[in-house]
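Descriptive analysis of the structure
Spelled out, the chains give:
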Amino acid sequence: MKGDTIAAPATPPGRGAVSVIKISGAESFSLVHKISDVKHLEHRRAILCRIIHPETKDVVDQALVLPFKAPHSQTGEDLVEIHLHGNPFLVNMVLRLLFEHGARPAMPGEFTRRAFENGKIDLLQAESVAEIVAAGSEVWLRHSARALVGEGSEILKEIREKLLQAAVRLETYIEFPEEEEPAAITVSEIRSSILSLKSLVERAVQGYRLLSRYRSEGKVVLTGPPNAGKSSLLNALVGFERVVTSPEAGTTRDYVEVLLDAGGAMITAVDTPGLREPETPVEMRGIDLARRVLNESHLLVLVLDASKEPGEEEKRVLDETETRDRIIVLNKCDLPLRWDEKELENRKRYKLVRTSAITGEGVGLLRKAIEEFFLPSDVPDVDVAFVRERQCALAEKAAEALKKAAEHLNSGFADLAAAELREAMRLLEEITGEISTEEVLNTIFATFCIGK
Ligand SMILES: Nc1nc2c(ncn2[C@@H]2O[C@H](COP(=O)(O)OP(=O)(O)OP(=O)(O)O)[C@@H](O)[C@H]2O)c(=O)[nH]1
Ligand SMILES: [Mg+2]
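Cut-offs and rules
- Residues numbered from 1 in each chain as written.
- Chains lettered and ligands numbered in written order.
- Predicted model: local features only at pLDDT ≥ 70, side-chain atom pairs only at ≥ 80, totals over all residues.
- Heavy atoms only, no water.
- Donors = N, O, S within 2.8 Å, 3.2 Å for Na, K, Ca; no water.
- Helix = DSSP H or I, 4+ residues; strand = E, 2+ residues; numbered from the N terminus.
- Buried < 20%, exposed > 50% of the residue type's maximum accessible area, 1.4 Å probe, protein only.
- Phe/Tyr/Trp six-rings, centres within 6.5 Å; stacked < 30°, edge-to-face > 60°.
- Polar contact = N/O pair within 3.5 Å; in protein donor to acceptor, adjacent residues only side chain to side chain.
- Contact = heavy atoms within 4.5 Å.
- Near = heavy atom within 4 Å.
- Areas by Shrake-Rupley, 256 points an atom, 1.4 Å probe, with all protein chains shown as cover.
- Nonpolar A, V, L, I, M, F, W, Y, C, P; charged D, E, K, R; others polar.
- Axes fitted to C-alpha atoms, helices over the stretch in contact; angles between N-to-C directions.
- Parallel < 35°, antiparallel > 145°, perpendicular 65-115°, else oblique.
- Left-handed = near helix turned anticlockwise from the far one by under 90°.
- Arc of directions from axis to C-beta.
- Domains from an automatic or database assignment.
- Core = buried A, V, L, I, M, F, W, Y, C linked by side-chain atoms within 4.5 Å.

**Some thoughts on the coordination of the magnesium ion (ligand 2)**
- Within the protein, Ser231 (OG) and Thr252 (OG1) serve as the donor atoms for the magnesium ion (ligand 2), at 2.0 Å. Residue serine 231 is located in helix 8 (residues 230–238), and its partner threonine 252 is located in the loop between helix 8 and strand 8 (256–261); the two are separated by 21 residues in the primary sequence.
- What makes threonine 252 buried here is its relative accessible area of 14%.

**Re the packing of aromatic side chains**
- Inspection of every chain in the model, using the stated rule, returns five aromatic pairs.
- Judged by centre distance (6.5 Å) and plane angle (35°), the ring pair of phenylalanine 116 and phenylalanine 445 falls under tilted. One end of the pair, phenylalanine 116, is in helix 3 (residues 110–117); the other, phenylalanine 445, is in helix 15 (residues 438–446), with 329 residues separating them in the sequence. When sorted by exposure, phenylalanine 116 lands in the same class as phenylalanine 445, which is buried.
- For the pair phenylalanine 373 and phenylalanine 374, a centre-to-centre distance of 5.1 Å together with 85° between the ring planes defines the contact as edge-to-face.

**Looking at unusual backbone geometry**
- The omega angle of the peptide bond from alanine 70 to proline 71 is 5°, so this bond is cis rather than trans.
- Of note in the backbone geometry, lysine 57 takes a positive phi value of approximately 65° without being a glycine.
- Counting through the fold element by element, lysine 57 comes out in the loop between strand 3 (47–52) and strand 4 (59–68).
- For lysine 332, which is not glycine, the phi torsion reads 65° and is therefore positive.
- Mapped onto the secondary structure, lysine 332 falls in the loop between strand 11 (326–331) and helix 11 (341–345).

**Here's the deal with the side chain of threonine 112**
- Residue placement: threonine 112 occurs in helix 3.
- In this structure threonine 112 comes out as buried when scored by relative accessible area, which is 2%.
- Within the structure, threonine 112 has its side chain in polar contact with the backbone oxygen of lysine 452 (distance 3.3 Å).
- When neighbours within four sequence positions are excluded, threonine 112 is seen to be in contact with Gln74, Ile121, Ala126, Val129, Phe445, Phe448 and Lys452.

**Details of the site of ligand 1**
- The environment of ligand 1 is made up of 23 residues, and the closest members are Lys230, Ser231, Ser232, Gly250 and Thr252.
- Taking glycine 229, its main chain carries an N or O atom lying 2.9 Å from an oxygen atom of ligand 1.
- The side chain of serine 356 places a nitrogen or oxygen atom 3.4 Å from an oxygen atom of ligand 1.
- A total of 650 Å² of accessible area belongs to ligand 1 in isolation, and the protein chains cover 89% of it.
- Looking at the shell around ligand 1 element by element, the count peaks at three residues for helix 8.
- Per-class residue counts for the shell around ligand 1 are seven nonpolar, 12 polar and four charged.

**So, the packing of helix 3 against helix 15**
- Across the interface, helix 3 lies against helix 15 with an axial gap of 10 Å and an inter-helix angle of 140°. One element, helix 3, and the other, helix 15, form an angle in the oblique class. By crossing handedness, the relation of helix 3 to helix 15 is classed as right-handed. Taken together, the residues of helix 15 that come into contact with helix 3 (itself represented by Thr112, Arg113, Phe116 and Glu117) are Glu438, Leu441, Asn442 and Phe445.
- Tallied by class, residues from the contact of helix 3 with helix 15 come to three nonpolar, two polar and three charged.

**With respect to the environment of aspartate 271**
- Mapping aspartate 271 onto the fold places it in strand 9 (residues 266–271).
- On the basis of relative accessibility, which here comes to 0%, the residue aspartate 271 falls in the buried class.
- Separated by 39 residues in sequence, aspartate 271 and serine 232 place their C-alpha atoms 9.5 Å apart.
- Aspartate 271 has contacts with Leu222, Lys230, Ser231, Leu234, Val243, Thr252, Asp254, Tyr255 and Val256, leaving out every residue within four places of it along the chain.
- Polar contacts involving the side chain of aspartate 271 include one to the side chain of serine 231, which spans 2.5 Å.

**Section: helix 10 (residues 312–320)**
- Taken residue by residue, helix 10 has Glu314, Val317 and Leu318 as its buried positions. One face of helix 10 carries all of its buried residues, which in axial projection span an arc of 100°.
- Packed against the buried residues of helix 10 are strand 10 (299–305), strand 11 and helix 11.

**Some points on the domain arrangement of the chain**
- Domain parsing of the chain yields domain 1 (6–106), domain 2 (125–212 + 388–446) and domain 3 (218–374).
- The distance between the C-alpha centroids of domain 1 and domain 3 comes to 51 Å.

**Thoughts on the packing of helix 4 (residues 123–134) against helix 15**
- Running from N to C, helix 4 and helix 15 cross one another at 25°; their axes reach a closest spacing of 10 Å. With respect to each other, helix 4 and helix 15 are oriented roughly parallel. Between helix 4, through Leu123, Ala126 and Glu127, and helix 15, the contact on the second element is made entirely by Leu441, Ile444 and Phe445.
- Of the residues contributing to the contact of helix 4 with helix 15, the split by class is five nonpolar, no polar and one charged.

**Some thoughts on helix 1 (residues 28–35)**
- Every buried residue of helix 1 is accounted for by Ser28, Phe29, Leu31, Val32 and Ile35. Each buried residue of helix 1 sits inside an arc of 160° when the element is viewed along its axis, so together they form one side.
- In this fold, the buried residues of helix 1 make contact with strand 2 (16–24), strand 3, strand 4, strand 5 (79–86) and helix 2 (88–100).

**Details of the nonpolar core**
- Counting residues in each nonpolar core, the largest one holds 46 residues, and the members touching the most others are Ile159, Leu163, Leu170, Phe386 and Leu421.
- Those elements that provide at least two residues to this core are helix 5 (138–148), helix 6 (151–175), helix 7 (183–211), helix 13 (389–410) and helix 14 (414–432).
- Take this core: its biggest share by element is 10 residues, from helix 7.
- Not counting residues within four places of it along the chain, the set of residues in contact with leucine 163 comprises Leu197, Leu402, Leu421, Ala424, Met425 and Leu428.
- One finds Leu233, Leu234, Val303 and Ile327 within the second-largest nonpolar core, a separate group that totals 26 residues.

Listed below in structure tokens is the structure:
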């Protein structure tokens, strides 16, 4: 129910310096009075108090209470944050007290949903809250933060206003052609303004497509023929012996994931079984799984044995991974080179690196190449920061409507053009949530976690 007072932990479960519980709704202040010794709650004034069990009078914790009076709170309702010591039993005890005295558990994303429904933020901003929490890299964090502070929303609003003006001018022109300036000027002016708005929207979509690769933690998979030194390289990358290596081809049977901390991003590196004609059912299963992981990854490190004459197996993996973002590694470069490097240089790749997992040569370069892939130095500059596929799908439709509007103007159908402009406006309003349905909102907020 909309008017209920809701409560939920705002910090992840576990032990730490503090855990925060959030309460929002008309009863929040009176609930805090019930479970604490606080006499007076004042907007934005933090108070150190005792949480006291209302029936047994036991002291539960010493806590910091931070009240916000409606409408000047995150949700636009009365809201209180209780900062407890970070212990999961404590959080549960206090939540239980709140639930026993009138609050109910918040649903996923319910605080943000209330903020949206009470006009504190628009839908683009609400979705960016979820993206900030889920971001797997600094690049995505920065992008989502731009959306959160409303940069995208403001520009979308401006675009809508301009479209509205254009539509109004067109409609006046349709009804009273004689009152407008010379028709040719009006139409061509409107047309060029529509086209520039269209490219603004398209640029935002392109920016999203380029950047969304950095949304979640990066995944890099080491692949290649058996015995090329994939596992040895993974060990060299993490700096200790994490996986078994041996001169025998087919040593690695399962894939193994490790986390690499790349400064601005967490990257999962995955060692996989060598790709070849499997000799046993177990190996076949392992290779199947490896291919699945390979398909889910953002980047491949294709490891080749530099000391071995390239054969069919090598050619096959080079061809098979041609369409993927990949770093080609010539490993075992401490041994005599049996490869024609020219041939490799002609192959499509992100980088070509020579390494020796034994001496450590080139391992630093490989690590740097992986990090650079996940932490781009030149992030595309966009005016509107879209953070979700939903927003882009609507924006693409809006750009399509604008394209049609311009075409109609070209063919002299001003009324059809005006209708397309209205359609584009409606689509943009869906992005920011001026128009929304219960169903759409339910889907969006279900992806949030509880307490947000
Ligand atoms: N000289 C030399 N030997 C290496 C190098 N890297 C790996 N080796 C050796 O090559 C053999 C195979 O290494 P692994 O790391 O097990 O190779 P892999 O690609 O994981 O092999 P599979 O798991 O069987 O597909 C081992 O005996 C390693 O010691 C290197 O850079 N130089
Ligand atoms: Mg291996």
